[in-house]
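Here's the letter readout for the chains.
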Amino acid sequence: SIGEVEGDENYMFGTSIVFNTDEDGNFYVADSDNNRILKYNPQGKYLLTIGRKGQGPGEFQSLSVPRFDKDKNLYVTDSINNRISFFDKNGKYLKQIQMQERYFDPYINSRGFIVANKWNMFQEANVNKQISTYGLFDDKFNLVAELYKDEIEISMLAGRDESSIADSLAKAISLTAFRPQVRYELANNDFIYLGYPDKYEINIYSPEGKLMKKITRDYNPIAVNEKDKDNFVKMAIDGFSAPIFTEELKKKAFQKIKYPKYKPAYQNFTLMENGWLAVIVDSIEDEYTLFDIFDQEGKYIANFRTTISAEMMFSESLFFKNGKAYGVATEDDYKFVKRYNF
């Protein structure tokens, strides 16, 4: 476990962290609150800090999951500065790719092509439309293959009084309450795994973006209970710290949230090194995480529970590498990076 509640600031994390490890087992923790990447050795000893807050080369205003390109250089996406920055493993800044539009959570495959979510927002009448195009893009960000397209309508603020603001806020939050979200991951062989969990289905695409296989399973929907709602509100409330969001306003808005009857078919998935697929079906804070396991052919193997944390705010909050499992855990509202045997 890496992390401290008090003490050395190089072991103290903000409220929003994601991380990755290299082939040697070193940790690279992206701490968005502090706009830095912290590197630790396999034993968890702090080694160095990469970047700082700013707009200059090698500086950040936001951070994605740290990843590695075919040359084993580290790259990370800054969605506010709208660029991908590259570093060597000693933290030396190498280069950056400027993005003219907004691309979230990009993977760069061995051919230099990019798997990402291209995000656009535009206004039509009194409605804001958010369009996400999940696809394979070339190194100039031209679309090569569209994998999935999602469109959401968000009603604009109808009035300026507290009740109208609370209504609009409740509608916006309701769009995220246990609603399916597209999940995708790039495998080591450049195959793309993508699913939209309104049903239990995960699509596997070739490196060129051609659909090759579907992994499906019959399942019993899991109902949204009161504890789930309480946990959702607890998580959502942290995102509304601006002075306009008074405690009374937040209370009114959260009381008006509309929840679906059932949770998505699954929450997330992650690939194991042997080609097996671990599907995170459900996760209850401080209780358990429920997994389905499929082999490399897509055959269902098993279903089991574990106490390992699987925070679903991030696409890579749990992953398998170097024969270990890794995850972000929250203990008494503090974040820790964890490595597990399995």
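Residues numbered from 1 in each chain as written. Predicted model: local features only at pLDDT ≥ 70, side-chain atom pairs only at ≥ 80, totals over all residues. Heavy atoms only, no water.

**Q** Give a description of empty space enclosed by the protein that names residues and reports values.
**A** Tallied over the full model, the rule gives one cavity of 30 Å³ or more. What the largest cavity holds in volume is close to 50 Å³. In terms of lining, the largest cavity is formed by Tyr193, Ile204, Lys213, Ile215, Leu271, Gly275, Leu277, Asp295, Gln296, Glu297 and Gly298. (1 Å grid on protein atoms, 1.4 Å probe; cavity = no way out; pocket = protein on both sides within 12 Å on 5 of 7 lines; lining within 4 Å. Points joined across faces, edges and corners; volume = space filled by probe spheres on them.)

**Q** Describe the nonpolar core, and please don't skip the residues or the numbers.
**A** Core analysis: the largest hydrophobic core is formed by 22 residues, its most contacted members being Val115, Tyr184, Ile192 and Leu194. Going through the elements one at a time, strand S7 (83-87), strand S9 (102-108), strand S10 (114-124), strand S11 (127-137), strand S12 (143-155), strand S13 (183-186) and strand S14 (192-195) are the ones with two or more residues in this core. One finds Tyr193, Ile215, Phe269 and Val281 within the second-largest nonpolar core, a separate group that totals 17 residues. (Core = buried A, V, L, I, M, F, W, Y, C linked by side-chain atoms within 4.5 Å. Buried < 20%, exposed > 50% of the residue type's maximum accessible area, 1.4 Å probe, protein only. Helix = DSSP H or I, 4+ residues; strand = E, 2+ residues; numbered from the N terminus.)

**Q** Pulling in residues and values, what's your account of the environment of Gln61?
**A** Along the chain, Gln61 falls in the loop between strand S4 (46-50) and strand S5 (67-68). Its relative accessible area of 25% is what places Gln61 among the partly exposed residues. A sequence separation of 224 residues divides Gln61 from Glu285, and the C-alpha atoms of the two residues are 29 Å apart. Sequence-distant contacts of Gln61, defined by excluding residues within four places in its chain, comprise Asn35, Gly54, Gln55, Asp78, Ile80 and Asn81. In terms of polar contacts, Gln61 uses its side chain to reach the side chain of Asn81, at 2.8 Å. (Contact = heavy atoms within 4.5 Å. Polar contact = N/O pair within 3.5 Å; in protein donor to acceptor, adjacent residues only side chain to side chain.)

**Q** So, the pairing of S9: which residues are in play, and what are the values?
**A** Of all seven residues in S9, five are buried, a share of seventy percent or more. Direction of pairing for S9 relative to S10: antiparallel, over a ladder of five bridges. Within the sheet, the bridge partner assigned to Tyr107 lies in S10 and is Val115. In this structure, the hairpin formed by S9 and S10 is closed by a connection of five residues, where Gly112 is found at a positive phi of approximately 85°. (Pairing = 2+ DSSP bridges.)

**Q** So what's going on with the packing of aromatic side chains? Residues and values would help.
**A** In total, this model carries 29 aromatic pairs according to the counting rule given. Relative to Phe232, the ring of Phe178 lies with its centre 5.7 Å away and its plane at 40°, an arrangement referred to as tilted. Taken together, the positions of Phe178 in the loop between helix H1 (162-174) and S13 and Phe232 in helix H2 (residues 226-237) put the pair 54 residues apart, joining distant regions of the chain. Judged by its relative accessible area of 19%, Phe178 falls in the buried class. Judged by centre distance (5.8 Å) and plane angle (65°), the ring pair of Phe294 and Tyr300 falls under edge-to-face. (Phe/Tyr/Trp six-rings, centres within 6.5 Å; stacked < 30°, edge-to-face > 60°.)

**Q** Run through the sheet that holds S14, naming residues and quoting values.
**A** Read across the open sheet, the four strands follow the order S13-S14-S15-S16; overall the sheet is antiparallel. The two strands at the open ends of the sheet, each matched to only one other strand, are S13 and strand S16 (211-216). Sheet twist, expressed as the average angle between the axes of neighbouring strands with direction ignored, equals 20°. Bridge analysis of strand S15 (residues 201-205) against S16 gives five bridges, and the strand direction is antiparallel. Within S16, the residue paired with Ile202 across the bridge is Ile215. (Axes fitted to C-alpha atoms, helices over the stretch in contact; angles between N-to-C directions.)

**Q** Requested: an account of the layout of surface pockets, with residues and values cited.
**A** In this structure, the second largest pocket occupies an estimated 990 Å³ of space. What lines the second largest pocket is a set of 35 residues, among which Leu186, Ala187, Asn188, Asn189 and Lys321 lie closest to the centre. When contributions to the lining of the second largest pocket are tallied by element, the ones reaching two or more residues are strand S1 (17-21), S5, S9, S13, S16 and strand S21 (318-321). Element by element, the count of residues in the lining of the second largest pocket is highest for S21, at three residues.

**Q** Explain the pattern of salt bridges to me, using residue names and the numbers behind them.
**A** Between side chains of opposite charge, a pair can form when the charged atoms approach closely. This structure, assessed with the given rule, holds 17 salt bridges. A salt bridge links Asp105 to Arg67, with the nearest nitrogen and oxygen atoms 2.9 Å apart. You can see Asp105 sitting in strand S9 and its partner Arg67 sitting in strand S5, a full 38 residues away along the chain. As far as the burial class goes, Asp105 and Arg67 line up, both buried. The partner of Lys199 in a salt bridge is Glu201, with the nearest N and O atoms 3.9 Å apart. Classification of Glu201 as buried rests on a relative accessible area of 16%. (Salt bridge = Lys/Arg side-chain N within 4 Å of Asp/Glu carboxyl O.)

**Q** Any chance you could break down the environment of Gly25 for me, citing the residues and the numbers?
**A** Along the chain, the position of Gly25 falls in the loop between S1 and strand S2 (27-31). If sequence neighbours within four positions are ignored, Gly25 has contacts with Asn41, Pro42 and Asn322.

**Q** How would you explain the pairing of strand S6 (residues 74-78) if you had to name every residue and give the values?
**A** The buried fraction of S6 is high, at five of five residues. Burial along S6 is two-sided: Leu74, Val76 and Asp78 facing one way and Tyr75 and Thr77 facing the other are all buried. By the bridge criterion, two bridges tie S5 to S6 in an arrangement that is antiparallel. Bridging from a neighbouring strand, Phe68 pairs with Leu74 of S6. Two elements, S6 and S7, share five bridges in a ladder whose sense is antiparallel. Counted as the bridge partner of Leu74 is Phe87 from S7.

Note that all results are geometric; they support no functional claim without further evidence.
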